[in-house]
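# Coordinate inspection notes
Each chain, letter by letter, is given below.
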Amino acid sequence: MKIEIKNEEVRSEIIQRIEEISGENIYKCYQCGKCSAGCPSADEMDLLPNQVIRNLQIGKVDAVLNSRSIWVCATCYMCWIRCPRGVNLTSLFEACRLMTLRQNLDQVGLKEAIKESEEMDIPQIAIISLLRKLTS
Ligand code: SF4
Ligand code: SF4
């Protein structure tokens, strides 16, 4: 498959913002895959952690911001611990979530979350934590 990479996409403002918020340089990654191999949420992801950063490197930011991966990340820091280049993917995921939430695009509805918590008997503190992570 032919992938077209445009300079204006690679150095787009949104990618620069993601780097600024996360404090991370996406070009440190050399795609060894150790982050993905150790990620406990990988089975639930549509883009593996190394694929998330690869998409950012080639300017495909929409693929990342529209992915399920950034929301199922458990913020466990395993990827950062395993990375031979010290790339803090956890912060990059958080920055991607923030970029989406700043567009007022909530990932869960309040009513649905409360209904689900009642059905599943989830502690209220877990619901508050969920809403903090997934709503703007
Ligand atoms: S472990 Fe680090 S260098 Fe390897 S693919 Fe993941 S982010 Fe890139
Ligand atoms: S912080 Fe997120 S991406 Fe990194 S290993 Fe944990 S669940 Fe996976």
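Scroll up to find the structure.
Residues numbered from 1 in each chain as written. Chains lettered and ligands numbered in written order. Predicted model: local features only at pLDDT ≥ 70, side-chain atom pairs only at ≥ 80, totals over all residues. Heavy atoms only, no water.

A few words now on the site of ligand 2. If you check the shell around ligand 2, you find 14 residues, and the closest are C39, C73, A74, C76 and C79. Going through the elements one at a time, α7 (78–82) and α8 (89–101) are the ones with two or more residues in the shell around ligand 2. Among the residues making up the shell around ligand 2, the classes are represented as 11 nonpolar, 3 polar and no charged. (Near = heavy atom within 4 Å. Helix = DSSP H or I, 4+ residues; strand = E, 2+ residues; numbered from the N terminus. Nonpolar A, V, L, I, M, F, W, Y, C, P; charged D, E, K, R; others polar.)

What follows concerns the pattern of salt bridges. A complete count under the given rule lists 4 salt bridges for this structure. K28 is the salt-bridge partner of E24, the closest N and O atoms lying 3.1 Å from each other. Taking relative accessible area as the criterion, K28 reaches 25% and is therefore assigned partly exposed. As a salt-bridge pair, E44 and R68 come within 3.3 Å of each other at their nearest N and O atoms. Placement of the pair is E44 in the loop between α3 (34–38) and α4 (49–57) and R68 in the loop between α5 (61–65) and α6 (69–72), with a sequence separation of 24 residues. Classification of E44 by relative accessible area gives partly exposed; the value is 45%. (Salt bridge = Lys/Arg side-chain N within 4 Å of Asp/Glu carboxyl O. Buried < 20%, exposed > 50% of the residue type's maximum accessible area, 1.4 Å probe, protein only.)

Now for the environment of K60. Here K60 shows up in the loop between α4 and α5. Owing to a relative accessible area of 25%, K60 belongs among the partly exposed residues under this scheme. The spatial distance from the C-alpha of K60 to the C-alpha of I26 is 13 Å, given a sequence separation of 34 residues. Those residues within four positions of K60 in sequence are excluded, and the remaining contacts are I3, E4, E9 and N55. (Contact = heavy atoms within 4.5 Å.)

Next up on the list: the environment of R132. Looking at the secondary structure, you find R132 in helix α10 (residues 124–134). The spatial distance from the C-alpha of R132 to the C-alpha of I70 is 15 Å, given a sequence separation of 62 residues.

In this section: the side chain of S41. Secondary-structure assignment places S41 in the loop between α3 and α4. Its relative accessible area of 9% is what places S41 among the buried residues. A distance of 3.2 Å separates a polar atom in the side chain of S41 from the backbone oxygen of V72. Not counting chain neighbours up to four residues away, the residues in contact with S41 comprise V72, C73 and A74. (Polar contact = N/O pair within 3.5 Å; in protein donor to acceptor, adjacent residues only side chain to side chain.)

As a further point, take the site of ligand 1. In the region of ligand 1, 13 residues are neighbours, and C29, C32, G33, C35 and C83 sit closest. A per-class count over the shell around ligand 1 returns 8 nonpolar, 3 polar and 2 charged.

Before going further, it helps to examine the packing of aromatic side chains. Counted under the stated rule, the structure contains 1 aromatic pair. When the centroid spacing of 5.9 Å and the interplanar angle of 45° are considered together, the rings of Y77 and W80 count as tilted. Overall, Y77 belongs to the partly exposed group, its relative accessible area being 37%. (Phe/Tyr/Trp six-rings, centres within 6.5 Å; stacked < 30°, edge-to-face > 60°.)

All right, on to a nonpolar patch on the surface then. The grouping of Y77, M78, W80 and I81 at the surface amounts to a nonpolar patch, some 410 Å² of accessible area in total. Checked against the element boundaries, W80 lands in helix α7. (Patch = residues over 30% accessible without salt bridge, like charges linked within 9 Å, V, L, I, M, F, W, Y side chains within 5 Å. Areas by Shrake-Rupley, 256 points an atom, 1.4 Å probe, with all protein chains shown as cover.)

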